[in-house]
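Breakdown of the fold
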Amino acid sequence: SAKVGGRGSVQFFQPAMQAEAHARRELEDDLRPALGRGEFEVHYQPIRSLREDAFVVCEALVRWRHPRRGLVPPSDFIPIAEEIGLIHELGAWVLSTACRECALWPSNIGVAVNVSAVQFRHGDVLAQVTQALRTSGLAAARLEVEVTESALVDDVQATGSLLRLLRGAGVGVSLDDFGTGYSSLSYLRALPFSKVKIDRSFLDGAEVGNRAMLLLEGIARLSDALGMTVVVEGVETPEQLKLIASLGCIEQVQGFLFSRPMTADLIQAVLSPITPAKVA
Ligand code: C2E
Ligand code: MG
Ligand code: MG
Ligand code: MG
């Protein structure tokens, strides 16, 4: 039978932990030069307006095209980028790339860019946003900045003034993954968000009249009453869409039901249908 503790278990666990630490160090070493090597790309997932029955904004989602590993999702490298401080440079690159690419789309379609907690706390988000708008020529009203609750925990005062400066510049600010953090409701009171993105976990098990559905409805009505645009993320089925639409206060929907995130080329083709060539 297996022995708990003692030399045996130490010998068993240590190599596994070493392997994990090694893999992580390898990824970190690959990550440092990745920006300079042009290995990042931004994919876009369109978000649909229920009122307009059309796509109105696309969320910019960064990916790392690793030479050996293939396409690496943000959950695998954003935390490392935050830890090693690369997030400031990477974040600025995503902002400028997203603004530049959005400027090629029809002018009624905006872009939403995720900004990390670390950027928010120690970075110069306002200067990066201003720079990205200036170099791309994109109208400020077409840009939204998404922050998750974890970005806000330590200093509501400082966050509040930064958000007000962004809004003052004409940029939208969204509270992302709403409901997954600790102080969601107090943030709604204290901070000037223009949009709330309700986390997809609130769709889990939601059915007409059940508790999950009542919770989703309550949050949506509250956000709507506070004057924010309400979005639900992670819509995957027609049944979920029907429930959301029945509430009447959820303005936008995002999820695999409508579209997966797409490359910049593909989204541009989807958003700008080919018009017949002009006859000379
Ligand atoms: P997020 O901002 O909440 O983005 C939505 C995530 O949900 C995306 O995952 C998207 O692909 C996924 N998603 C969309 N619709 C559905 C659906 O119907 N079902 C399911 N299961 N998932 C759906 P992705 O691209 O892997 O990004 C994960 C997270 O990484 C993002 O969550 C965001 O927090 C972070 N992230 C992505 N790009 C950036 C970036 O440029 N900067 C920073 N700081 N974070 C980023
Ligand atoms: Mg987001
Ligand atoms: Mg989200
Ligand atoms: Mg999320």
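In the nomenclature of an unreviewed UniProt entry, the protein chain corresponds to EAL domain-containing protein from the organism Lichenibacterium minor.

**A short note on the overall build of the protein chain**
Regarding its fold elements, the protein chain presents 10 helices and 9 strands. Dimensions of the protein chain, computed from the C-alpha atoms along their principal axes, are close to 75 × 55 × 40 Å. Across the 280 residues in the protein chain, those meeting the buried criterion constitute 45%. Contacts in the protein chain between residues at least 24 apart in sequence constitute 66% of all its contacts with a sequence separation of at least 6. For the protein chain, the accessible area works out to roughly 14900 Å², and carbon and sulfur atoms hold 54% of it. Charge centroids of the protein chain, computed over 27 positive and 33 negative side chains, lie 1 Å from each other.

**So, unusual backbone geometry**
Most peptide bonds are trans, and most residues other than glycine sit at a negative phi. Despite not being glycine, Asp 53 has its phi angle at roughly 50 degrees, a positive value. Positive phi values are uncommon outside glycine, yet Asp 177 reaches one of about 55 degrees. Secondary-structure assignment places Asp 177 in strand β6 (residues 172-178).

**Regarding the coordination of the magnesium ion (ligand 3)**
Taken together, Asp 176 (OD), Asp 177 (OD), Glu 233 (OE) and Glu 233 (OE) make up the full set of protein donors to the magnesium ion (ligand 3), lying 2.0 to 2.5 Å away. For the magnesium ion (ligand 3), all donor residues lie on one chain, and their spacing in sequence is D-D-x55-E. Between the magnesium ion (ligand 3) and the magnesium ion (ligand 2), a separation of 3.8 Å is found, and both are coordinated by Asp 176. According to the relative accessible area criterion, Asp 176 is buried, its value standing at 4%.

**Some details on a nonpolar patch on the surface**
On the surface, Leu 185, Leu 222 and Leu 226 cluster together into a nonpolar patch covering about 280 Å² of accessible area. A relative accessible area of 47% means that Leu 226 is categorised as partly exposed.

**Observations concerning the packing of aromatic side chains**
The geometry of an aromatic ring pair is captured by two quantities: the separation of the ring centres and the angle between the planes. Applying the stated criterion across every chain yields a total of 5 aromatic pairs. For the ring pair Phe 40 and Trp 64, a centre distance of 6.0 Å and an interplane angle of 40 degrees mean the geometry is tilted. Of this pair, Phe 40 sits in strand β1 (residues 40-49) while Trp 64 sits in strand β2 (residues 54-66); the two residues are 24 residues apart in sequence, bridging distant segments of the chain. Looking at Phe 40, the relative accessible area reads 6%, which means it is buried. Pairing Trp 64 with Phe 77 gives two aromatic rings, centres 5.8 Å apart and planes at 80 degrees, and the pair type is edge-to-face. Taken together, the positions of Trp 64 in strand β2 and Phe 77 in helix α2 (residues 74-83) put the pair 13 residues apart, joining distant regions of the chain. By relative accessible area, Phe 77 is classed as buried at 0%. Members of the aromatic cluster, each reached through a chain of ring pairs, are Phe 40, Trp 64, Phe 77 and Trp 93. Directly above the aromatic system of Phe 55 lies the positively charged group of Arg 48, at a separation of 4.9 Å from the ring centroid.

**Details of the site of ligand 1**
For ligand 1, the set of nearby residues contains 21 residues, the closest of which are Arg 63, Asn 114, Asp 176, Glu 236 and Phe 256. Asn 114 places a polar side-chain atom, nitrogen or oxygen, 2.9 Å from an oxygen atom of ligand 1. Measuring from a nitrogen atom of ligand 1, one finds a backbone N or O atom of Ser 116 at 3.5 Å. Burial of ligand 1 by the protein chains amounts to 81% of its free accessible area of 800 Å². For the shell around ligand 1, the secondary-structure elements that each account for two or more residues are β2, α2 and β6. Of the residues assigned to the shell around ligand 1, the class counts are 8 nonpolar, 5 polar and 8 charged.

Calculation criteria
Residues numbered from 1 in each chain as written. Chains lettered and ligands numbered in written order. Predicted model: local features only at pLDDT ≥ 70, side-chain atom pairs only at ≥ 80, totals over all residues. Heavy atoms only, no water. Helix = DSSP H or I, 4+ residues; strand = E, 2+ residues; numbered from the N terminus. Buried < 20%, exposed > 50% of the residue type's maximum accessible area, 1.4 Å probe, protein only. Contact = heavy atoms within 4.5 Å. Areas by Shrake-Rupley, 256 points an atom, 1.4 Å probe, with all protein chains shown as cover. Lys, Arg positive; Asp, Glu negative; His and termini not counted. Charge placed at Lys NZ, Arg CZ, Asp CG, Glu CD. Donors = N, O, S within 2.8 Å, 3.2 Å for Na, K, Ca; no water. Patch = residues over 30% accessible without salt bridge, like charges linked within 9 Å, V, L, I, M, F, W, Y side chains within 5 Å. Salt bridge = Lys/Arg side-chain N within 4 Å of Asp/Glu carboxyl O. Phe/Tyr/Trp six-rings, centres within 6.5 Å; stacked < 30°, edge-to-face > 60°. Lys NZ or Arg CZ within 6 Å of the ring centre and 35° of its normal. Near = heavy atom within 4 Å. Polar contact = N/O pair within 3.5 Å; in protein donor to acceptor, adjacent residues only side chain to side chain. Nonpolar A, V, L, I, M, F, W, Y, C, P; charged D, E, K, R; others polar.

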